[in-house]
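# Results of the structural survey
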Amino acid sequence: MAKRQQRDFRISRRKFLAASAAALCVPSIGAGAAAQTLSLSEACKDMFLIGTALDFRTPNEFTPAELDLIKSQFNVITPENSMKPGPVHPQENTWNWTQPEALVTFCQDNHIKTVGHCLVWHSQTNPWFFQGADRDAALARLKDHIHTLVGHFKGKMSGWDVVNEAISDTAGATNGENLRSSQWFQIVGPDFLTQAFKFAREADPSVPLHYNDYNIESGAKHQSSLLLLKRLISDGAPITTVGIQGHWSVTNLNAQKFEQIEQAIENYKALQLKVAITELDVTITGAGGGQLGGQQANVVPPSAEALAAQAEVYAKLFSLFVKHRDAIDRVTFWGLNDRRSWRRGQNPLVFDGENKPKPALQAILDAVNKAK
Ligand code: G3I
């Protein structure tokens with residue numbers, strides 16, 4: 001095919017998708033019949049859990065429409081912030097249980113599972129953990145933190161992100177685990193991860209335990225993750241699951257990236273680990289790393305063409321997840337809707353700021369039904 005013709009074909013396909021997106025007058029999600037036919041968790045129920053991330057910062061945090069959305073679309077919730085070391089354990093003898101308990105109670109009342117996030121992180125951790133601490137003191141504080149938090153919710157959780165984001169973004173001089181130079185790493189050493197997994201297992205003998213990170217599906221960070229996971233397993237860390245966060249963008253999810261994601265799932269499966277997609281969002285504009293940032297201000301409504309491109313990418317992702325459903329046990333979106341997203345302004349989720357389904361929702365449902 002001549003170059004000109006190829007370009008024309010691409011343009012007309014894009015236009016076709018954009019037109020389909022515009023034509024998709026998807027009904028609002030509510031408690032009625034529409035919720036049944038458009039439910040993500042219902043469509044994926046025999047394959048993997050479908051999650052969202054949120055917190056009850058106040059008792060009236062969510063509107064009735066949002067509550068409907070949560071209950072009709074998702075069967076597992078991750079606390080977006082409230083169980084992180086900083087918010088939940090600001091001082092050695094101070095615990096903030098109100099928000100985490102509100103979330104767990106809501107989940108129990110509505111037959112929704114809860115995944116804890118996260119026990120050990122370089123970020124959102126208060127200085128008291130490290131003040132005047134040598135290795136033994138830091139480990140004692142870590143043990144107490146994990147025993148208390150995991151113990152508090154024992155029997156009520158479907159999993160815990162035990163260690164979050166321990167691998168550095170900057171490729172090291174030598175290929176290796178390339179662990180981030182966090183205070184945990186500096187004070188305790190590289191075995192802080194194994195210790196954390198063991199403390200979590202002591203506190204709850206049966207809950208699944210995850211290592212969770214971003215950008216570990218490709219490149220040097222993927223190789224580092226394999227080395228790290230192999231070491232954890234050989235050191236006896238009771239790890240069950242690896243969490244690929246999945247903070248992606250329409251532009252970085254190209255053919256090569258899809259191959260890398262698939263290869264990563266296969267590589268983790270070969271280590272006898274389950275895989276979860278733990279923080280999925282696909283921005284329409286902007287980069288797709290795990291970094292904080294992105295526009296926070298006025299949201300420019302995306303064009304029909306941009307929504308169609310996002311729908312196409314989400315559909316491809318879910319086709320891949322369904323193909324590997326033997327390894328994948330959960331797919332969690334990081335946020336409820338485009339307004340309640342750390343990347344608000346980049347329109348990353350499948351419900352818009354008014355809780356209306358975007359074309360991505362129907363595209364995912366079609367892809368799931370086709371791939372089943
Ligand atoms: O609650 C306070 C509020 O009282 C205060 O007025 C306000 C002022 O800035 O801050 C509020 O806290 C913010 C918190 O979100 C709750 O909204 C923090 O500043 C803000 O830093 C925090 O951001 C969270 C971020 O993690 C912190 O690292 C995002 O909501 C959360 O989505 C994000 O989630 C992380 C995952 O845990 C790990 N993977 C990457 C992912 C995205 O960064």
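See the structure shown above.
Structural notes, computed from the coordinates. Small disclaimer: the values here were computed from a predicted structure and weren't measured.

## Re the side chain of Asp213
Here Asp213 shows up in strand β5 (residues 209-213). Those residues in contact with Asp213 that sit more than four places away from it in its chain are Glu165, Ala166, Ile167, Lys221, Gly243, Ile244 and Gln245.

## Notes on the packing of helix α9 (residues 192-203) against helix α10 (residues 219-234)
Contact geometry of α9 with α10 gives a least axis separation of 10 Å together with a crossing angle of 50°. What the angle tells us is that α9 and α10 run oblique. Here α9 and α10 pass one another in a crossing that is right-handed. Within the contact between the two elements, α9 uses Leu193, Thr194 and Phe197 and α10 uses Leu228, Arg231 and Leu232.

## Comments concerning the packing of aromatic side chains
Under the criterion given, the structure shown has 13 aromatic pairs. Ring geometry for Phe56 and Phe62: centres 5.1 Å apart, planes at 80°, overall edge-to-face. When its relative accessible area of 9% is taken as the criterion, Phe62 is described as buried. Seen from their ring centres, Trp95 and Trp97 are 4.8 Å apart, and the 5° between their planes marks the pair as stacked. Each of the two residues, Trp95 as well as Trp97, counts as buried. Counting every residue linked through ring pairs, the aromatic cluster contains Phe48, Phe74, Tyr314, Phe318, Phe321 and Phe333. Here the guanidinium or amino end of Lys221 rests over the ring plane of Tyr214, the centre of that ring lying 3.7 Å away.

## Some thoughts on the site of the ligand
Taken together, 15 residues lie around the ligand, and Glu80, Lys84, His117, Glu165 and Glu279 are the ones closest in. Side-chain polar atom of Gln124 to an oxygen atom of the ligand: 3.4 Å apart, as the coordinates give it. The separation between a nitrogen atom of the ligand and a polar side-chain atom of Gln245 is 3.2 Å. Against a free-state accessible area of 780 Å², the protein chains account for coverage of 55% of the ligand. For the shell around the ligand, a count of residues per class yields four nonpolar, six polar and five charged.

Calculation rules
Residues numbered from 1 in each chain as written. Predicted model: local features only at pLDDT ≥ 70, side-chain atom pairs only at ≥ 80, totals over all residues. Heavy atoms only, no water. Helix = DSSP H or I, 4+ residues; strand = E, 2+ residues; numbered from the N terminus. Contact = heavy atoms within 4.5 Å. Axes fitted to C-alpha atoms, helices over the stretch in contact; angles between N-to-C directions. Parallel < 35°, antiparallel > 145°, perpendicular 65-115°, else oblique. Left-handed = near helix turned anticlockwise from the far one by under 90°. Phe/Tyr/Trp six-rings, centres within 6.5 Å; stacked < 30°, edge-to-face > 60°. Buried < 20%, exposed > 50% of the residue type's maximum accessible area, 1.4 Å probe, protein only. Lys NZ or Arg CZ within 6 Å of the ring centre and 35° of its normal. Near = heavy atom within 4 Å. Polar contact = N/O pair within 3.5 Å; in protein donor to acceptor, adjacent residues only side chain to side chain. Areas by Shrake-Rupley, 256 points an atom, 1.4 Å probe, with all protein chains shown as cover. Nonpolar A, V, L, I, M, F, W, Y, C, P; charged D, E, K, R; others polar.

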